[in-house]
Amino acid sequence: MSPHTGSDTLARTATRPPARRRDADAMAVTGFVLGLVGLLVMNLILGPTAVVLGALALRRRTTRPGRARLGIALGLADLAVLGCLVTADGTWSWGLA
């Protein structure tokens, strides 16, 4: 016989957020981190990725909508920084030297 009763299992699953919402929260945080890192390196890849992850997190109704919006904003800022650097340097690759 199992040591867990049916009501114990029900109580544990009621307090645990659904997997889809956990995934959306992870997407929101990942989009934020990628957008933040993208301001420094690999703007072309990390910027659009942050925008997509933030938008997906909002669409899946994350419990962290502010973090998802920040990920979108930082992803767009990555692309703006890339645009400024490309305009100033005249090439898609840029460096400090």
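Everything below is about the structure shown above.
Residues numbered from 1 in each chain as written. Predicted model: local features only at pLDDT ≥ 70, side-chain atom pairs only at ≥ 80, totals over all residues. Heavy atoms only, no water.

**As for the overall build of the protein**
Item 1. Scanning the protein for helices and strands turns up four helices and zero strands.
Item 2. In the protein, the succession of α and β elements from N to C terminus is α-α-α-α.
Item 3. Relative to its full complement of 97 residues, the protein shows a buried share of 23%.
Item 4. When the accessible area of the protein is evaluated, it comes to approximately 6,600 Å², of which 67% is carbon and sulfur surface. (Helix = DSSP H or I, 4+ residues; strand = E, 2+ residues; numbered from the N terminus. Buried < 20%, exposed > 50% of the residue type's maximum accessible area, 1.4 Å probe, protein only. Areas by Shrake-Rupley, 256 points an atom, 1.4 Å probe, with all protein chains shown as cover.)

**Section: the side chain of Thr62**
Item 1. Relative to the assigned elements, Thr62 resides in the loop between helix H3 (43–59) and helix H4 (65–89).
Item 2. By relative accessible area, Thr62 is classed as buried at 10%.

**Observations concerning the environment of Ala80**
Item 1. For Ala80, the location among the structural elements is in helix H4.
Item 2. The class of Ala80 is partly exposed, set by a relative accessible area of 43%.
Item 3. Once the C-alpha coordinates of Ala80 and Asn43 are considered, the two residues, 37 residues apart in sequence, prove to be 9.0 Å apart.

**Describing the environment of Val37**
Item 1. Note that Val37 resides in helix H2 (residues 19–38).
Item 2. Between the C-alpha atom of Val37 and that of Gly47, which follows or precedes it by ten residues, the distance is 9.1 Å.

**Considering H2**
Item 1. In this model, H2 (20 residues) spans 28 Å end to end at C-alpha, consistent with the 28 Å of a helix rising 1.5 Å per residue.
Item 2. Buried within H2 we find Ala24, Asp25, Met27, Ala28, Gly31, Gly35 and Gly38. Summarising the axial view, the buried residues of H2 lie within an arc of 165 degrees, below the 170-degree limit, and thus occupy one face.
Item 3. Taken together, the buried residues of H2 touch H3 and H4. (Expected span 1.5 Å × (residues − 1). Arc of directions from axis to C-beta. Contact = heavy atoms within 4.5 Å.)

**Things to note about unusual backbone geometry**
Item 1. With a phi angle near 50 degrees, Met42 is a residue other than glycine that sits in the positive phi range.
Item 2. Residue placement: Met42 occurs in the loop between H2 and H3.
Item 3. With phi around 60 degrees, Arg61 is a residue other than glycine that occupies positive phi space.
Item 4. Residue placement: Arg61 occurs in the loop between H3 and H4.

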